[in-house]
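Summary of the model geometry
Chain by chain, the residues run as shown.
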Amino acid sequence: MGIGLSLMLSAAGAVLIWAVDWSSASFDVRAAGVILLVVGVIGFFLSLAFWASWGARGIPTRATRRSENTVTVVDR
């Protein structure tokens, strides 16, 4: 689950909790909203955690090593 989907689930859950004024005998709208909101928030934080740990792997970086009078640039 990505960050975008997590935010959309959280927004849909918040709308169901606080903006929808509909009730049914067989379906609880607020409970569904709470479930969506919780799943969205958990997914958001998990996505951030995995993004932070895997985010810099595909980006080539450049390291500079200096020893006395020479400078060596190494591409990683």
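Whatever comes next refers back to the structure up there.
These numbers were taken from a predicted model, which means no experiment stands behind them.

1. Digging into helix α1 (residues 3–18)
Its 16 residues give α1 an end-to-end C-alpha distance of 22 Å, which sits within 8% of 22 Å, the value for a rise of 1.5 Å per residue. For α1, every residue scored as buried is listed here: Ser6, Ser10, Gly13 and Ile17. Along α1, the residues classed as buried sweep out an arc of 65° about the axis, all on the same side.

2. With respect to the side chain of Ser10
The topology assignment puts Ser10 in helix α1. When near neighbours in sequence (up to four residues on either side) are disregarded, Ser10 contacts Leu36, Leu37, Gly40 and Val41.

3. Some words on the packing of aromatic side chains
In this structure the tally under the stated criterion is one aromatic pair. On the numbers, 5.5 Å between centres and 70° between planes, the contact of Phe44 with Phe45 is edge-to-face. Judged by its relative accessible area of 23%, Phe44 is partly exposed.

4. Some thoughts on a nonpolar patch on the surface
A cluster of nonpolar side chains, Met1, Leu5, Met8, Ile35 and Val39, forms an exposed patch at the surface whose accessible area comes to about 520 Å². Looking at the nonpolar patch, the elements that each hand over two or more residues are α1 and α2 (29–54). Along the polypeptide, Leu5 turns up in helix α1.

5. Some words on the side chain of Ser47
Of note, Ser47 is situated in helix α2. Ser47 sits in the buried class, given a relative accessible area of 11%. Within the structure, Ser47 has its side chain in polar contact with the backbone oxygen of Gly43 (distance 2.9 Å). Non-local contacts of Ser47, meaning those with residues more than four positions away in its chain, are made with Met1, Gly2, Ile3 and Ser6.

How each quantity is defined
Residues numbered from 1 in each chain as written. Predicted model: local features only at pLDDT ≥ 70, side-chain atom pairs only at ≥ 80, totals over all residues. Heavy atoms only, no water. Helix = DSSP H or I, 4+ residues; strand = E, 2+ residues; numbered from the N terminus. Expected span 1.5 Å × (residues − 1). Buried < 20%, exposed > 50% of the residue type's maximum accessible area, 1.4 Å probe, protein only. Arc of directions from axis to C-beta. Contact = heavy atoms within 4.5 Å. Phe/Tyr/Trp six-rings, centres within 6.5 Å; stacked < 30°, edge-to-face > 60°. Patch = residues over 30% accessible without salt bridge, like charges linked within 9 Å, V, L, I, M, F, W, Y side chains within 5 Å. Areas by Shrake-Rupley, 256 points an atom, 1.4 Å probe, with all protein chains shown as cover. Salt bridge = Lys/Arg side-chain N within 4 Å of Asp/Glu carboxyl O. Polar contact = N/O pair within 3.5 Å; in protein donor to acceptor, adjacent residues only side chain to side chain.

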